[in-house]
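Examination of the molecular architecture
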Amino acid sequence: MAAMAALLRPGGRFRWRTQVPAGGVRSATRDAAGRQDYDLLIIGGGSGGLACAKEAAQLGKKVAVVDYVEPSPRGTRWGLGGTCVNVGCIPKKLMHQAALLGGMIRDAPHYGWEVAQQVPHDWRKMAEAVQNHVKSLNWGHRVQLQDRKVKYFNIKASFVNEHTVCGVTKGGKETLLSAEHIVIATGGRPRYPIHVEGALEHGITSDDIFWLKESPGKTLVVGASYVALECAGFLTGLRLDTTVMMRSIPLRGFDQQMSSLVTEHMASHGTQFLRGCTPSRVRKLPDGQLQVTWKDLASGREDMGNFDTVLWAIGTVCSCIHGSCLQSTVHLMTPPHHRYGPCKSLRNSPHQCQAAGERVGGKTELSPYGWECSEPSKKEEVVQGPSSS
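First, a word on scope: everything that follows refers to the structure included in this document. Quick caveat: nothing in here was measured; it's all calculated off a predicted structure.

1. A few points about helix 4 (residues 89–107)
Under the 1.5 Å per step criterion, the end-to-end length of helix 4 is 27 Å for 19 residues, consistent within 8% with the ideal 27 Å. Taken together, the buried positions of helix 4 are Cys89, Pro91, Lys92, Met95, Ala98, Ala99, Gly102 and Gly103. Buried residues along helix 4 sit in contact with helix 3 (82–87), helix 5 (123–147), helix 7 (206–209) and helix 8 (226–237).

Printed below as a string of structure tokens:
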């Protein structure tokens with residue numbers, strides 16, 4: 001706890017000094033010196049960033065969270081909470097529940113319930129309910145930060161130096177924020193196969209599927225990750241014609257016996273699979289449908305099919321934070337069992353900037369990993385950086 005005590009002593013907090021980027025910026029503070037100081041500044045308002053902010057605030061630190069959602073190529077945007085809340089675990093589980101309810105209705109007559117055989121599903125109504133629930137969670141996260149006296153900025157940040165970031169609002173207003181320690185917890189975003197003609201113009205990703213106002217209709221899901229299979233699963237359950245195109249094996253990195261059981265179960269419930277295939281072109285037809293051309297890797301033969309929606313689920317890329325200080329000052333905040341996993345060259349770097357959660361890259365994904373980075377056992381690391389042991 002000596003590190004924390006040192007941080008709380010007068011003079012222990014970093015003071016932003018004279019450098020200002022060309023063109024000037026507006027400071028967010030109201031004091032005469034024009035400075036905004038925090039003990040901890042967190043870039044990213046997802047699972048890892050919010051957990052880190054709450055833990056640090058409980059220690060009495062002055063904490064700020066900077067979060068900004070870059071719209072997807074389709075223009076989809078959302079609020080505070082990160083992938084899990086907005087375009088991941090939460091809406092996915094709700095849509096899975098909708099699909100399961102449909103299955104129960106179909107099974108009900110076998111248990112004596114007199115139910116009409118054809119019960120239509122209203123995607124618009126389901127999507128509205130899911131989106132309203134997600135928005136309530138966005139608001140809840142903002143209230144939690146306010147209750148803990150954590151300052152929230154909806155701005156896009158870039159580094160000026162290892163202690164200072166420049167944030168830009170949607171309207172273009174710039175703000176300088178400085179802190180003794182900065183945590184980068186920006187997570188990742190779905191990757192587009194930019195080598196495939198028409199992929200960016202005509203495809204969507206998991207950033208968009210949960211925010212569609214209308215049913216996606218006949219859908220081609222490209223990829224064999226858990227995101228691909230989860231989306232294909234609930235789409236099939238909602239009685240949508242769904243095909244999964246996979247290049248090689250399903251759920252790479254998982255036990256393959258279990259992976260086979262998953263895909264066999266999905267196939268038995270109506271999901272179609274194109275195995276050993278890769279897409280080469282997506283073209284929009286005059287009637288609005290998407291014509292997808294793909295290659296069978298075994299035979300070398302080309303084939304094509306028409307779909308209403310093409311969903312890319314081929315992996316993620318880290319959300320970028322710009323600034324020259326990143327390569328020299330970022331320390332990776334990983335749980336004990338991944339202590340120095342992905343970037344050993346950075347482990348002896350200064351600890352003013354730290355990375356947490358999926359932003360570390362190369363290791364565990366999803367919210368539990370982000371939370372673990374901010375467990376009570378990591379509190380000292382949040383404000384001081386790990387020991388040299």
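2. Overview of the environment of Met245
Mapped onto the secondary structure, Met245 falls in strand 10 (residues 242–246). Overall, Met245 belongs to the buried group, its relative accessible area being 1%. Distance in space between the C-alpha atoms of Met245 and Trp312 is 9.9 Å, their sequence separation being 67 residues. Excluding residues that lie within four positions of it along the chain, Met245 makes contacts with Leu220, Val221, Val222, Gly223, Leu274, Cys277, Thr278, Pro279 and Trp294.

3. Side note on helix 5
In this model, helix 5 (25 residues) spans 36 Å end to end at C-alpha, consistent with the 36 Å of a helix rising 1.5 Å per residue. Considered for burial, the residues of helix 5 that qualify are Trp123, Met126, Ala127, Val130, Gln131, Val134, Asn138, His141 and Leu145. The positive-phi residue at the C-terminal boundary of helix 5 is Lys149, with phi of around 60°.

4. Quick look at the sheet that holds strand 14 (residues 302–307)
One open sheet accounts for 3 strands, arranged 12-13-14; its pairing is antiparallel. Lying at the two open borders of the sheet, with one neighbouring strand each, are strand 12 (277–284) and strand 14. Put simply, the sheet's adjacent strands are angled 25° from each other on average, direction ignored. Sheet topology note: the strand 12/strand 13 (residues 290–296) ladder contains 7 bridges and is antiparallel. Note on strand 13: the bridge partner recorded for Val282 is Val292.

5. Regarding a nonpolar patch on the surface
Together, Ile105, Tyr111, Trp113 and Val115 line one region of the surface with nonpolar side chains, adding up to about 470 Å² of accessible area. Here Tyr111 shows up in the loop between helix 4 and helix 5. For Tyr111, a relative accessible area of 68% puts it in the exposed group.

6. Section: the sheet that holds strand 11 (residues 272–275)
Strand order in the open sheet formed by 4 strands is 11-10-9-15, and the pairing between neighbours is parallel. Looking at the sheet topology across the chains shown, the edges are occupied by strand 11 and strand 15 (309–312). Strand-to-strand twist of the sheet, defined as the mean angle between neighbouring strand axes without regard to direction, takes the value 20°. Seen against the sheet, helix 8 touches strand 9 (219–222), strand 10, strand 11 and strand 15 and runs at an angle of roughly 165° to strand 10.

7. Some thoughts on the packing of aromatic side chains
This model, assessed by the stated rule, comprises 2 aromatic pairs. Ring geometry for Phe210 versus Phe234: centroids 5.9 Å apart, planes at 35°, classification tilted. Of this pair, Phe210 sits in the loop between helix 7 and strand 9 while Phe234 sits in helix 8, placing them 24 residues apart in sequence. Considered together, Phe210 and Phe234 belong to a single accessibility category, that of buried residues. Taken together, a centroid distance of 6.4 Å and an interplanar angle of 70° make the contact between Tyr226 and Phe254 edge-to-face. With Tyr226 in helix 8 and Phe254 in the loop between strand 10 and helix 9 (256–268), this pair connects stretches of sequence that are 28 residues apart. The lysine or arginine in question, Lys151, covers the ring of Phe153, its NZ or CZ lying 5.7 Å from the ring centre. For the cation-ring pair, Lys218 lies above Phe307, with the distance from its terminal atom to the ring centre recorded as 5.1 Å.

8. Quick notes on unusual backbone geometry
The residue Lys149 is not glycine, and still its phi comes out positive at about 60°. Of note, Lys149 is situated in the loop between helix 5 and strand 4 (151–153). Exposure remark for Lys149: the relative accessible area of 73% places this residue in the exposed category.

9. Thoughts on the nonpolar core
With 34 residues, the main nonpolar core has Trp123, Ile209, Phe210, Val221 and Phe234 as its most contacted residues. Taken together, the elements giving at least two residues each to this core come down to helix 3, helix 4, helix 5, helix 8 and strand 10. Considering each element in turn, this core owes the most residues, 6 residues, to helix 8. Once you skip the residues sitting within four places of it in the chain, Val221 turns out to touch Ala228, Ala232, Leu235, Thr242, Thr243, Val244, Met245, Leu311 and Ala313. In this structure, Ala53, Ala56, Val65 and Leu145 belong to the second largest nonpolar core, which totals 15 residues.

What counts, and where the lines are drawn
Along each chain, residue indices are assigned from 1 in the same order as the chain's sequence is written. Where local features are concerned, this predicted model is filtered to residues with pLDDT of at least 70; where side-chain atom pairs are given and counted, the filter is 80 or more; whole-chain, interface and lining totals use all residues. Hydrogen atoms and water are omitted, and side-chain values are computed over all heavy atoms in the structure. We count a stretch as a helix when DSSP gives it H or I for four or more residues in a row; a strand needs E for two or more, and each element gets its number in order from the N terminus. Residue count minus one, scaled by 1.5 Å, sets the expected span of a helix. Under the scheme applied here, a residue whose accessible area is under 20% of the maximum for its type counts as buried, over 50% as exposed, and between as partly exposed, the area being computed with a 1.4 Å probe on protein chains only. Residues are treated as being in contact if the distance between any of their heavy atoms lies within 4.5 Å. Two strands are said to pair when DSSP picks up at least two bridges between them. A fitted line through C-alpha atoms represents every axis, and for helices the fit uses only the stretch in contact; the resulting angles, taken between N-to-C directions, go from 0 to 180 degrees. Any residue with relative accessible area above 30% and no salt bridge may belong to a patch, with like charges joined within 9 Å and the nonpolar Val, Leu, Ile, Met, Phe, Trp and Tyr side chains within 5 Å. Areas reported as accessible are Shrake-Rupley estimates using a 1.4 Å probe. Residue values count occlusion only from the protein chains shown. Salt bridge, as used here: a side-chain nitrogen of Lys or Arg that lies within 4 Å of a carboxyl oxygen of Asp or Glu. Between the rings of Phe, Tyr and Trp (Trp by its six-membered ring), a pair exists once the centres lie within 6.5 Å; its type follows the angle of the planes, with under 30 degrees stacked, over 60 edge-to-face, and the other angles tilted. Charges are assigned to positions over rings by a cutoff of 6 Å between ring centre and Lys NZ or Arg CZ, combined with an angular limit of 35 degrees from the ring normal. In these notes, a set of buried Ala, Val, Leu, Ile, Met, Phe, Trp, Tyr and Cys residues joined through side-chain atoms within 4.5 Å is what counts as a nonpolar core.

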